[in-house]
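Secondary and tertiary structure notes
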Amino acid sequence: MYNYFTVTFDERLQLMYAKGARYFENEPVYGSGIDDIDMVAVAEYCDKIGYAKSPEEYIKQNKKFIINVGGRQEMSGAAILLFGKNPQLFFERARVRFIRYEGIEAKVGAAMNVVKDVIFEGRILDLVEAAIEFVRGQIKEHTYLGPDAKFVTEPEYPEFVWKELIINAIAHRDYSIKGTDIQIKMFDDHLTVESPGMLPGIVRLNNMREIHFSRNPKIAGLLHEYEYVREFGEGVDRMYYEMNQAGLPDPEYRIEAFMVYATIRNKKFLEQQISSTPKISPRYPPQDKIWEYCREPKSKHEIMEFFGYKDVKNFTRNYLKPLIQAGKLVMTIPDKPKSKKQKYLAKH
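This section reports on the structure supplied with the text.

Cut-offs applied
Residues numbered from 1 in each chain as written. Predicted model: local features only at pLDDT ≥ 70, side-chain atom pairs only at ≥ 80, totals over all residues. Heavy atoms only, no water. Phe/Tyr/Trp six-rings, centres within 6.5 Å; stacked < 30°, edge-to-face > 60°. Helix = DSSP H or I, 4+ residues; strand = E, 2+ residues; numbered from the N terminus. Buried < 20%, exposed > 50% of the residue type's maximum accessible area, 1.4 Å probe, protein only. Core = buried A, V, L, I, M, F, W, Y, C linked by side-chain atoms within 4.5 Å. Contact = heavy atoms within 4.5 Å. Pairing = 2+ DSSP bridges. Patch = residues over 30% accessible without salt bridge, like charges linked within 9 Å, V, L, I, M, F, W, Y side chains within 5 Å. Areas by Shrake-Rupley, 256 points an atom, 1.4 Å probe, with all protein chains shown as cover. Salt bridge = Lys/Arg side-chain N within 4 Å of Asp/Glu carboxyl O. Lys, Arg positive; Asp, Glu negative; His and termini not counted. Charge placed at Lys NZ, Arg CZ, Asp CG, Glu CD. Polar contact = N/O pair within 3.5 Å; in protein donor to acceptor, adjacent residues only side chain to side chain. Axes fitted to C-alpha atoms, helices over the stretch in contact; angles between N-to-C directions. Parallel < 35°, antiparallel > 145°, perpendicular 65-115°, else oblique. Left-handed = near helix turned anticlockwise from the far one by under 90°. Nonpolar A, V, L, I, M, F, W, Y, C, P; charged D, E, K, R; others polar.

So, on to the packing of aromatic side chains. Per the stated rule, a full pass over the model turns up 17 aromatic pairs. Summarising the aromatic geometry, the rings of Y45 and Y58 are spaced 5.9 Å apart at their centres and angled 65 degrees between planes, so their arrangement reads as edge-to-face. Highlighted residues: Y45 in helix α2 (residues 39-49) and Y58 in helix α3 (residues 55-61), separated in sequence by 13 residues. The class of Y58 is buried, set by a relative accessible area of 3%. With a centroid separation of 6.4 Å and 90 degrees between ring planes, the pair formed by Y58 and F83 is classed as edge-to-face. Here F83 lies in helix α4 (residues 77-83) and Y58 lies in helix α3, a separation of 25 residues in the sequence. We note that Y58, like F83, is buried. An aromatic cluster of at least three residues, connected via ring pairs, comprises Y45, Y51, Y58, F65, F83 and Y226.

This is the structure:
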């Protein structure tokens, strides 16, 4: 816990921004002026919200985008980040970096395993749209034969979940922290989004599914108009639901210093967990393990070989049939139970 009198001035400000006592997006940006605003972008937003006056009038008359400082007019942080011609001129690290690693961990030096490194810049809306479009092309898909004998294609992560992680990071990051950017790190078995800033307001790790709070209400407001953003926490609960429906682990959050890390894991992670677990003797029915193993269709032979079963009749009678009768496993060719091509799929 921080001692208010021992932290630096900048750290005290960051704590105030995090608590909502002040909003960094309302602070004047030194050296900025109305000429730094892209009026074409403002006009597009005015059309979006049905604002009848000119773009210049919108900037001058709304949301305190212009601030008088010592006799001069400067633009607020929100004005530059939302409508600036070049936001990175004033906020160099207000950007999103995507890094794709080969494998399940980041390596350095001669073993460095970065296979893709892309940086997105521009206004807030640009960041959201560009990052989402790019990451969509990086998400793998798995196709398999479903229980109704039709092919099913599933992405490795539910679209709502990975999009929500990116949007939340951009909408709710602490833009007063200028030394780092938002980073999306994709590995073979998980994806982590790193966002500068502590959890905002009264949001904590143990209440983030219920508490809604925006660190940057003007930024969140614009993204809400474009149907991207929700209040912080409003979409978190749905992320847990979507991951559960996909048979994937819950999202994981952790905080280190002034950074929030959000991680989601895919089926490759689950397969690694299963394969690293010592195989259980057939005398102790691992029915939950069989169900987990069959998240993608598996033949009887594949299941028996993986778990070390030898007796086909005993395995079928004591383990496979009970799982099917309980509705936990379904056959991919239900009208031909004894088909040599028969496989078994876990039912969620």
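Having seen it, we continue.
One finds F83 and L223 to be the most contacted residues of the largest nonpolar core, which totals 69 residues. Broken down by element, the residue count for this core peaks at 9 residues, all from helix α6 (residues 159-172). Excluding residues within four positions of it along the chain, F83 makes contact with D36, I37, D38, A41, V42, Y45, Y58, I59, F65, A78, R123 and L222.

Our focus in this paragraph is the pairing of strand β3 (residues 96-101). Counting buried positions over the 6 residues of β3 gives 5, a clear majority of the element. Sheet analysis places β3 next to strand β4 (residues 114-120), joined by 6 bridges and oriented antiparallel. Following the sheet pairing, V96 is matched in β4 by F120. Sheet analysis places β3 next to strand β7 (residues 182-186), joined by 5 bridges and oriented parallel. The partner of I99 across the bridge, within β7, is K185.

A cluster of basic residues, K313, R317, K321 and K338, forms a positive patch on the protein surface. Of note, K321 is situated in helix α12 (residues 312-325). Look at K321 and you get partly exposed, because its relative accessible area is 47%.

Another point: the side chain of R123. As for its placement among the helices and strands, R123 is situated in the loop between β4 and α5 (124-136). One polar contact links R123 to D38, side chain to side chain, over a distance of 3.3 Å. Side-chain polar atoms of R123 contact the backbone oxygen of G84, separated by 3.2 Å. In contact with R123, not counting residues within four places along its chain, are D38, A41, L81, L82, F83, G84, K85 and P87.

Take the packing of α6 against helix α8 (residues 236-245) next. Relative to each other, α6 and α8 sit at 155 degrees, their axes nearing to 9 Å. As far as their axial angle goes, α8 and α6 are roughly antiparallel. Regarding α6 and α8, the two cross each other, and that crossing is left-handed. For the pair formed by α6 and α8, the contact residues are F160, V161, E164, L165 and N168 on the first element and V236, R238, M239, E242 and M243 on the second. Looking at the contact of α6 with α8 residue by residue, the class counts come to 6 nonpolar, 1 polar and 3 charged.

With that settled, consider the sheet that holds strand β9 (residues 252-256). Here we have 6 strands laid out as an open sheet, ordered β4-β3-β7-β8-β10-β9, and mixed in their pairing. Each edge of the open sheet carries a strand with a single partner, namely β4 and β9. On average, adjacent strands in this sheet sit at an angle of 15 degrees to one another, irrespective of strand direction.

Attention shifts here to helix α7 (residues 217-225). Listed in full, the buried residues belonging to α7 are K218, I219, A220, L222 and L223. Buried residues along α7 sit in contact with α2, α4, α5 and α6. Once α7 finishes, E227 follows within two positions and takes phi at roughly 60 degrees, a positive value.

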